[in-house]
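A closer look at the structure
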Amino acid sequence: MNISLLLNGLTLITGLVWIMDLLVLNPQRRKGMLVAINQKKNSKTTNEIKISNQSEPIYVEYSKALFPLLLIIFLFRNFTDSVDYGLVLVIATAVSGVIWLIDKIAFESKRKQSISQIQNKNLQLAEEEQAILYQDPLLVEYAKSFFPVILIILILRSFFFEPFKIPSGSMKPTLEIGDFVLVNKFSYGVKLPVNHQKIMSYGEPQRGDVFVFRYPGDPKIDYIKRVIGLPGDTIVYKDKDIYIKPACLAIKNDQACPALEKIPAKLLERDGYKDLNGSKLDLYEEDLLGVSHQILHDPTIDEYTLVSNFKQKCMNGYNEWTIPQNHYFAMGDNREHSADSRFWCFVPEENLVGRAVAIWMHFNWDEKYKLDFSRIGAIK
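Structure report, in brief. Here the structure is a predicted model, which means the values were calculated and not measured.

What counts as what
- Residues numbered from 1 in each chain as written.
- Predicted model: local features only at pLDDT ≥ 70, side-chain atom pairs only at ≥ 80, totals over all residues.
- Heavy atoms only, no water.
- Helix = DSSP H or I, 4+ residues; strand = E, 2+ residues; numbered from the N terminus.
- Contact = heavy atoms within 4.5 Å.
- Areas by Shrake-Rupley, 256 points an atom, 1.4 Å probe, with all protein chains shown as cover.
- Salt bridge = Lys/Arg side-chain N within 4 Å of Asp/Glu carboxyl O.
- Buried < 20%, exposed > 50% of the residue type's maximum accessible area, 1.4 Å probe, protein only.
- Phe/Tyr/Trp six-rings, centres within 6.5 Å; stacked < 30°, edge-to-face > 60°.
- Core = buried A, V, L, I, M, F, W, Y, C linked by side-chain atoms within 4.5 Å.

Bringing the overall build of the protein into the picture now. Secondary structure assignment for the protein yields seven helices and 17 strands. Counted over contacts in the protein with a minimum sequence separation of 6, partners at least 24 positions apart contribute 60%. Only carbon and sulfur atoms are counted for the fraction: they give 60% of the accessible area of the protein, which is about 21400 Å².

Okay, here's the thing in structure tokens:
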């Protein structure tokens, strides 16, 4: 069975039922209820007329319950890499808030007045009849229900923590395809959603951080890599090894500037990592000036093949980069299978999103065992 087709079909069906109920069925139920109540008003005895059952059909109840969940799954599976969820949340918060506010100011008092008039008539209404009469319009009901929830999510996601899904293998073995990571949004300062304007500055990326940023070539796309170089550093890539000369800051007591230093990488296991496509990669332990983490090298790809694709205009020498101020040099841990600063230059400070701190779930549709709870934990 094609799960994607089934989910898409269910989303479409429940959505159509919800829209049909919103535009047609619900107004008809309320209209029928009001007509029956008016008949009771004009009746000599309150029990003379029995109001017909105007409750929601069971399929409408199920559709209303399932549609939001199915819609979230549909959007997540099909548009994870292209949808600006920050913008979606801002719009959803604004729309639901405006609907709730307009109803509060203009319409809620009229409904209460109508209910008071009915109560003054001493009409005896069944519980189902009272529920239908007293309920808010469906659109208002949804707005009042979702507004506080969406607002809380917007605040948490914009200023505190945001979840991301890993779509590629560029950060293997640290991060696998299907990992869901939690990103600390205030590690590098607080920014507004949508326009990403920084409103509070504190904290900067540290060497070795796994961080999320907006890809300089297309800021709509989020990338996740490891911080290799800081502003002012010089980076050299030679024989698949990294050399770093840290920035020469204000030196006191006539101390010399730091020298170019090779980053040690210890081979842990030859062909020690088997990729999903069957290829075998060498597993190394790298010590990035005090930050230890694992990386992968593909022995089938030679250095010349990589270097020929490097972004030449960013270099100030052969395979050498000097990082400008307010920029960072990013690389993936899967060194021969990562599109990073070697190929598209540096990460501007304004593109920073936050520091990835933990894996909170692993779920991959393409794997035999889709859920893997063993991957949950802090990111090194």
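Here the focus is the pattern of salt bridges. All chains considered together, the criterion is met by eleven salt bridges. Across the salt bridge formed by Arg157 and Glu162, the nearest N and O atoms sit 2.5 Å from each other. Each member of the pair, Arg157 as well as Glu162, carries the same accessibility label: buried. A salt bridge links Glu349 to Lys198; the nearest nitrogen and oxygen atoms lie 2.5 Å apart.

For the coordinates displayed, the defined rule picks out 16 aromatic pairs. Consider the rings of Phe161 and Phe186, whose centres lie 5.8 Å apart with planes at 75°: the pair is edge-to-face. Of this pair, Phe161 sits in strand E1 (residues 161-165) while Phe186 sits in the loop between strand E2 (179-184) and strand E3 (190-191), and the two are 25 residues apart along the sequence. Exposure remark for Phe161: the relative accessible area of 34% places this residue in the partly exposed category.

This brings us to unusual backbone geometry. Between Lys172 and the following residue, Pro173, the backbone shows a cis peptide bond with an omega angle of 5°. Following the sequence through the fold, Pro173 ends up in the loop between E1 and E2. Backbone geometry places Asp239, a non-glycine residue, at a positive phi of 55°. A positive phi angle, near 55°, is found at Asp271, a position not held by glycine. Here Asp271 shows up in strand E10 (residues 265-274).

Counting 19 residues, the largest nonpolar core has Ile228, Ile235, Ile242, Trp321 and Phe329 as the members making the most contacts within it. For this core, the secondary structure elements donating two or more residues are strand E7 (234-238), strand E8 (241-245), helix H6 (303-307) and strand E14 (327-331). With residues near it in sequence (within four places) discarded, Ile242 still touches Ile228, Ile235, Val236, Tyr237, Glu261, Lys262, Ile263, Glu286, Met331 and Arg335. Ile166, Val181, Ile224 and Ile359 belong to the second-largest nonpolar core, a separate cluster that totals 13 residues.

Keep in mind these numbers describe shape, not what the thing actually does.
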